[in-house]
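Examination of the molecular architecture
Chain residues, written in single-letter form:
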Amino acid sequence: MVVLQRIAKRAVSMIPGSNAGSVLGIHVFHCPDAVGIVAKLSECIASRGGNIHSVDVFVPEKKQVFYSRSEFVFDPARWPRDVVDNDFNKISKLFSAEKSVVRVPDLDPKFKIAVLASKQEHCLVDLLYRWQEGRLPVDISCVISNHQRAPNTHVALFLERHGIPYHHLPTSAGNTREAEILELVEDTDFLVLARYMQVLSRRFLESYGKDIINIHHGLLPSFKGGNPSKQAFDAGVKLIGATSHFVTEELDAGPIIEQMVERVSHRDTLKSFVQKSENLEKQCLTQVIKSYCELRVLPYQVNKTVVF
């Protein structure tokens with residue numbers, strides 16, 4: 001254990017401008033464009049003994065708007081966590097920022113999420129596995145589904161083993177169970193729809209008031225309805241994909257966060273075709289959750305995103 005601690009301290013001390021007590025900070029900024037924004041942000045970090053590791057800036061052409069994401073290391077003993085927020089709040093007021101958020105992954109609580117899923121399990125199972133491996137910086141408060149899972153299924157056993165509640169809420173045309181879902185997700189930071197095949201109403205979206213991330217195959221809008229993979233396979237498509245986006249009132253039309261594609265060919269069977277499609281969905285959803293938690297995703301215009 002002592003050897004491991006020494007190795008950890010040595011690894012941290014190798015970060016330029018840092019010491020053994022340094023932690024990583026992330027700051028995102030969205031404000032009207034002006035002269036001196038980057039200088040003020042840099043001065044804020046440097047004046048507290050912090051060291052910037054990277055800065056990404058986006059200023060759209062012919063638009064007076066500024067986006068940035070900074071990663072920096074600092075010593076919490078010299079720059080306490082609450083003072084970090086206060087310092088960046090001052091800059092936010094100075095530039096009339098629409099968004100200014102600081103996150104310190106080693107000090108702040110993990111994002112708390114709920115996962116909604118239907119019968120298809122590939123995205124849900126992959127998400128749970130990556131969470132178990134510590135590869136997703138989230139805490140899963142519960143899994144909600146309109147599909148019942150028997151107690152001896154692998155998903156049910158996994159959730160029971162890890163103490164994650166599973167809520168079966170069967171829906172119908174006259175009862176979408178949205179009021180019950182809202183109660184269950186009230187304390188979450190955002191929601192993940194892991195192939196949840198129910199449409200969330202405008203009332204639900206307004207009542208929840210936080211971000212909801214969805215994943216779906218990239219065969220829309222050409223192949224709709226039942227078994228779109230079979231439709232696409234029979235049509236001989238050569239490129240398949242997956243799209244992850246924020247949920248809005250308009251079905252599958254929210255701001256796109258990430259898209260992934262893969263080529264298919266005449267050599268693919270229907271089984272390999274579906275496997276490739278599902279793998280893209282899993283990879284795409286995982287990437288989006290990580291990007292969101294790392295503060296890489298910012299709203300841009302009405303229906304776009306900036307993804308640093």
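Calculation criteria
- Residues numbered from 1 in each chain as written.
- Predicted model: local features only at pLDDT ≥ 70, side-chain atom pairs only at ≥ 80, totals over all residues.
- Heavy atoms only, no water.
- Phe/Tyr/Trp six-rings, centres within 6.5 Å; stacked < 30°, edge-to-face > 60°.
- Helix = DSSP H or I, 4+ residues; strand = E, 2+ residues; numbered from the N terminus.
- Buried < 20%, exposed > 50% of the residue type's maximum accessible area, 1.4 Å probe, protein only.
- Core = buried A, V, L, I, M, F, W, Y, C linked by side-chain atoms within 4.5 Å.
- 1 Å grid on protein atoms, 1.4 Å probe; cavity = no way out; pocket = protein on both sides within 12 Å on 5 of 7 lines; lining within 4 Å.
- Points joined across faces, edges and corners; volume = space filled by probe spheres on them.
- Nonpolar A, V, L, I, M, F, W, Y, C, P; charged D, E, K, R; others polar.
- Contact = heavy atoms within 4.5 Å.
- Polar contact = N/O pair within 3.5 Å; in protein donor to acceptor, adjacent residues only side chain to side chain.
- Pairing = 2+ DSSP bridges.
- Axes fitted to C-alpha atoms, helices over the stretch in contact; angles between N-to-C directions.
- Expected span 1.5 Å × (residues − 1).
- Arc of directions from axis to C-beta.
- Right-handed = clockwise from strand over helix to strand, strands pointing away.

**Concerning the packing of aromatic side chains**
- Summed over all chains, the structure comprises 15 aromatic pairs.
- Between F58 and Y300, the aromatic rings sit 5.5 Å apart at their centres with planes inclined by 85 degrees, giving edge-to-face as the arrangement. Placement of F58 in strand β2 (residues 51-58) and of Y300 in strand β12 (residues 297-300) is noted, with a sequence separation of 242 residues between them.
- Exposure remark for Y300: the relative accessible area of 12% places this residue in the buried category.
- Taken together, F72, F74, W79 and F88 form an aromatic cluster joined through their ring pairs.

**Details of the nonpolar core**
- Residues V138, I140, F190, L285 and I289 are the most contacted members of the largest nonpolar core, which totals 48 residues.
- When residues in this core are grouped by element, the largest group, 8 residues, is from helix α9 (residues 270-293).
- I37, F66, W79 and I91 belong to the second-largest nonpolar core, a separate cluster that totals 17 residues.

**Some points on the layout of surface pockets**
- By volume, the largest pocket amounts to about 700 Å³.
- Lining the largest pocket we find 32 residues, and of these R195, M197, H216, H217 and D252 sit closest to its centre.
- Each residue belonging to the lining of the largest pocket can be placed in one class, and the counts come to 12 nonpolar, 13 polar and 7 charged.
- Each pocket or cavity is described by its volume, and for the second largest pocket that value is around 610 Å³.
- Together, 29 residues line the second largest pocket, and K99, D211, F246, Y292 and P299 are the ones closest to its centre.
- For the lining of the second largest pocket, the secondary-structure elements that each account for two or more residues are β4 (99-103), α7 (202-208) and β12.
- With 4 residues, β12 is the single largest residue contributor to the lining of the second largest pocket.

**Notes on the environment of D268**
- With respect to the helices, strands and loops of the structure, D268 is situated in the loop between β11 (256-263) and α9.
- Here the alpha-carbon distance between D268 and R69, two residues 199 residues apart in the chain, equals 41 Å.
- When sequence neighbours within four positions are dropped, the list of residues in contact with D268 reads F233, F273 and K276.
- One polar contact links D268 to S272, side chain to side chain, over a distance of 2.8 Å.

**Re empty space enclosed by the protein**
- This structure, assessed with the given rule, holds 3 cavities of 30 Å³ or more.
- Put simply, the largest cavity is a space of about 40 Å³.
- Looking at the largest cavity, the residues that line it are V38, L41, S42, I52, V55, S68 and S70.
- If you list the elements that add at least two residues to the lining of the largest cavity, you get α2 (37-47), β2 and β3 (65-74).

**Observations concerning the sheet that holds strand β7 (residues 166-168)**
- Reading across from one edge, β7-β6-β5-β8-β9-β10-β11 is the order of the 7 strands in this open sheet, with mixed pairing throughout. Both outer strands of the open sheet, β7 and β11, are each paired with one neighbouring strand and no more. Direction aside, neighbouring strands of the sheet carry axes that sit 20 degrees apart on average.
- As paired strands, strand β10 (residues 239-246) and β11 are joined by 7 bridges and run antiparallel to one another.

**Some remarks on helix α3 (residues 81-94)**
- A rise of 1.5 Å per residue sets the reference length of α3, with its 14 residues, at 20 Å; its end C-alpha atoms lie 21 Å apart and thus fit the reference within 8%.
- Of the residues making up α3, those classed as buried are R81, V84, D87, F88, I91 and S92. Axial view of α3: buried residues confined to an arc of 145 degrees, hence all on one face. Facing away from the buried side of α3 by more than 90 degrees, the exposed set consists of K90, K93 and L94.
- Packed against the buried residues of α3 are β1 (23-32), α2, β3 and β4.
- Trailing α3 by a residue or two, S96 shows a phi angle of about 50 degrees, which is positive.

**A short note on the environment of T153**
- Inspection of the secondary structure assignment puts T153 in the loop between β6 (138-145) and α5 (154-161).
- By relative accessible area, T153 is classed as partly exposed at 23%.
- In terms of polar contacts, T153 uses its side chain to reach the backbone carbonyl oxygen of A150, at 2.8 Å.

**Considerations on the pairing of β6**
- Burial runs high along β6: 6 of the 8 residues are buried.
- Where strand β5 (residues 111-117) lies against β6, 7 bridges are found, and the strand directions are parallel. In the sheet register, L116 faces β6, and the bridge partner there is I144.
- Note on the crossover from β5 through helix α4 (residues 122-132) to β6: the handedness is right-handed.
- Where β6 lies against β7, 3 bridges are found, and the strand directions are parallel.

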